[in-house]
Amino acid sequence: MKTTYWSVDNDVNSKKNYPQIVKAAELIKKNEVVAFPTETVYGLGANATSDEAVAKIFAAKGRPADNPLIVHIATFQQLKQIAVDISDTAMKLMHTFWPGPLTLIFNKKPGTVSRLVTAGLNTVAVRMPDHPLAMALIRESGHPIAAPSANKSGKPSPTTAKHVQDDLDGIVAGIVDGGPAGVGVESTVVDCTGSPPVILRPGGISKEDIEAVIGPVEEDPSIASSVSKPKSPGMKYRHYAPDAPLYLADGEQQWIQQLIDEKMAAGLKVGILAPQETASFYKADVVVPCGSKADPKSSAQTLYQALRSFENSGVDIIFSEVFPRTGVGAAIMNRLEKAASHRWMKQHMKDQD
């Protein structure tokens, strides 16, 4: 398949850009798959109401069929067309954080979105993206758009169109290049079908932000492990992982350097992921800085780029420092734990695999 590529800036209504949005939307209408930017990461979009279209998402990504997708909408009318039992609590969250990096799970209106989108569940995950190109594409296509991250399943999510090309060129019908994503990690997912609401995946909106609006919420315990039948993306399978095995190293810098030295002495090529404040301390084959501990949002913005930078480096093993879990740091550590398949090495304790 030849992939059509459009470079579009955020002035979606300009004479230069709008015709490209129209062309991308035409592919969506024809049940093809198109990658496009959102404020979180690049999404791989298709008509959420078509089994044929949604099946192409799963085929392109190599995504397991029991891993549900998020439906992206541009209007509240579209939400009412696909979801029922919308609570007052959900309305508060939507009016506060939409458009934005927050996905809410509702009871599904029967006979609306494809059964493949919901992986056979009676619920549907929905969000309204805070990106002019994403919103324009949804509106122009006339359909709610199902869109997981636009990468091969299990790999680090794409925050630039180049990342999408690296993974999916020749596999998907189109790629809309709207520049780098701003948030850098996926949306927070909150289940609003019960009381209190439950966070299923941490993301661009923190637990603290949510509780400031609606009061206490719970966190699903499977955030730290996996579930047999996931209700949200990011709950069950290995995600966000570079090719080389990744270990989370929880300890002092000198101790982490000893781990590096031991592996290098054994003939392995070693990589290290660390915040800017400490990256220069390490002596390893590949040292990748990832934002600043003083500015967790910068670490979120650069996390997937950092993980992808190991791809062609030839490293045999990667160690990562641990990041603070406050605010968006909870999402950063969630992604790193998934990327590491929950492999930890802790100072003064037995290694945990």
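Anything mentioned here points back to the structure above.
The shown structure was predicted, so the numbers you read here are calculated from the model rather than taken from an experiment.

### Quick look at the overall build of the protein
Here's step 1: Looking only at helices and strands, one finds eleven helices and 17 strands in the protein.
Here's step 2: Relative to its full complement of 353 residues, the protein shows a buried share of 57%.
Here's step 3: By sequence separation, contacts in the protein at least 24 residues apart represent 67% of the contacts at least 6 residues apart.
Here's step 4: In the structure as shown, the protein presents an accessible area of about 14000 Å², 50% of it carried by carbon and sulfur atoms.
Here's step 5: Here the protein contributes 37 positively and 38 negatively charged side chains, and the mean placements of these two sets differ by 6 Å.

### Thoughts on the packing of aromatic side chains
How two aromatic rings sit relative to each other is set out by the distance from centre to centre and by the angle between their planes.
Here's step 1: Taken as a whole and assessed by the stated rule, the structure comprises four aromatic pairs.
Here's step 2: Ring plane angle 85° and centroid distance 5.3 Å describe the contact between F281 and Y282, whose orientation is recorded as edge-to-face.
Here's step 3: Owing to a relative accessible area of 32%, F281 belongs among the partly exposed residues under this scheme.
Here's step 4: Sitting over the face of the ring of Y247, R343 holds its NZ or CZ atom 5.1 Å from the ring centroid.
Here's step 5: Note that K346 overlies the ring of W344, its terminal NZ or CZ placed 5.1 Å from the centroid.

### Looking at the packing of helix 4 (residues 88–97) against helix 7 (residues 207–214)
Here's step 1: Running from N to C, helix 4 and helix 7 cross one another at 120°; their axes reach a closest spacing of 10 Å. When the axis of helix 4 is compared with that of helix 7, the two are oblique. Remark: the crossing between helix 4 and helix 7 carries right-handed chirality. Contacts between helix 4 and helix 7 involve T89, K92, L93, T96 and F97 from the first element and D209, I210, V213 and I214 from the second.
Here's step 2: Among the residues forming the contact of helix 4 with helix 7, the class breakdown is five nonpolar, two polar and two charged.

### Description of the layout of surface pockets
Here's step 1: Taken as a whole, the largest pocket spans an internal volume of roughly 250 Å³.
Here's step 2: In terms of lining residues, the largest pocket is bounded by 21 residues, among which P202, E219, R325, A330 and A331 are the most central.
Here's step 3: Sorting the residues of the lining of the largest pocket by element identifies helix 7 and helix 11 (329–339) as the ones contributing at least two each.
Here's step 4: Ranked by the residues each element gives to the lining of the largest pocket, the list is headed by helix 11, at four residues.

### A word on the nonpolar core
Here's step 1: Core analysis: the biggest nonpolar cluster contains 65 residues, and L44, W98, L102, L104, F106 and I210 have the highest contact counts within it.
Here's step 2: Ranked by residues supplied to this core, first place goes to helix 5 (residues 132–141) with six residues.
Here's step 3: If you look at the next biggest cluster of nonpolar residues, it comprises 28 residues, including Y240, L303, A306 and I332.

### Some remarks on the side chain of T278
Here's step 1: By the element assignment, T278 lies in helix 9 (residues 276–279).
Here's step 2: Those residues in contact with T278 that lie beyond four places of it in its chain are Q253 and E321.

### Description of the pairing of strand 10 (residues 188–191)
If a strand is regular, its side chains alternate between the two faces of the sheet.
Here's step 1: The alternating pattern of strand 10 places T188 and V190 and V189 and D191 on opposite faces, both of which are buried.
Here's step 2: Here strand 6 (residues 102–108) pairs with strand 10 via four bridges, running parallel. Residue L102 lies in a different strand from strand 10, and its bridge partner there is T188.
Here's step 3: Where strand 10 and strand 11 (residues 198–201) come together, three bridges link them in antiparallel fashion. What sits directly across from V189, in strand 11, is R201.

Cut-offs applied
- Residues numbered from 1 in each chain as written.
- Predicted model: local features only at pLDDT ≥ 70, side-chain atom pairs only at ≥ 80, totals over all residues.
- Heavy atoms only, no water.
- Helix = DSSP H or I, 4+ residues; strand = E, 2+ residues; numbered from the N terminus.
- Buried < 20%, exposed > 50% of the residue type's maximum accessible area, 1.4 Å probe, protein only.
- Contact = heavy atoms within 4.5 Å.
- Areas by Shrake-Rupley, 256 points an atom, 1.4 Å probe, with all protein chains shown as cover.
- Lys, Arg positive; Asp, Glu negative; His and termini not counted.
- Charge placed at Lys NZ, Arg CZ, Asp CG, Glu CD.
- Phe/Tyr/Trp six-rings, centres within 6.5 Å; stacked < 30°, edge-to-face > 60°.
- Lys NZ or Arg CZ within 6 Å of the ring centre and 35° of its normal.
- Axes fitted to C-alpha atoms, helices over the stretch in contact; angles between N-to-C directions.
- Parallel < 35°, antiparallel > 145°, perpendicular 65-115°, else oblique.
- Left-handed = near helix turned anticlockwise from the far one by under 90°.
- Nonpolar A, V, L, I, M, F, W, Y, C, P; charged D, E, K, R; others polar.
- 1 Å grid on protein atoms, 1.4 Å probe; cavity = no way out; pocket = protein on both sides within 12 Å on 5 of 7 lines; lining within 4 Å.
- Points joined across faces, edges and corners; volume = space filled by probe spheres on them.
- Core = buried A, V, L, I, M, F, W, Y, C linked by side-chain atoms within 4.5 Å.
- Pairing = 2+ DSSP bridges.

Everything listed is a geometric property; what it means functionally is a separate question.
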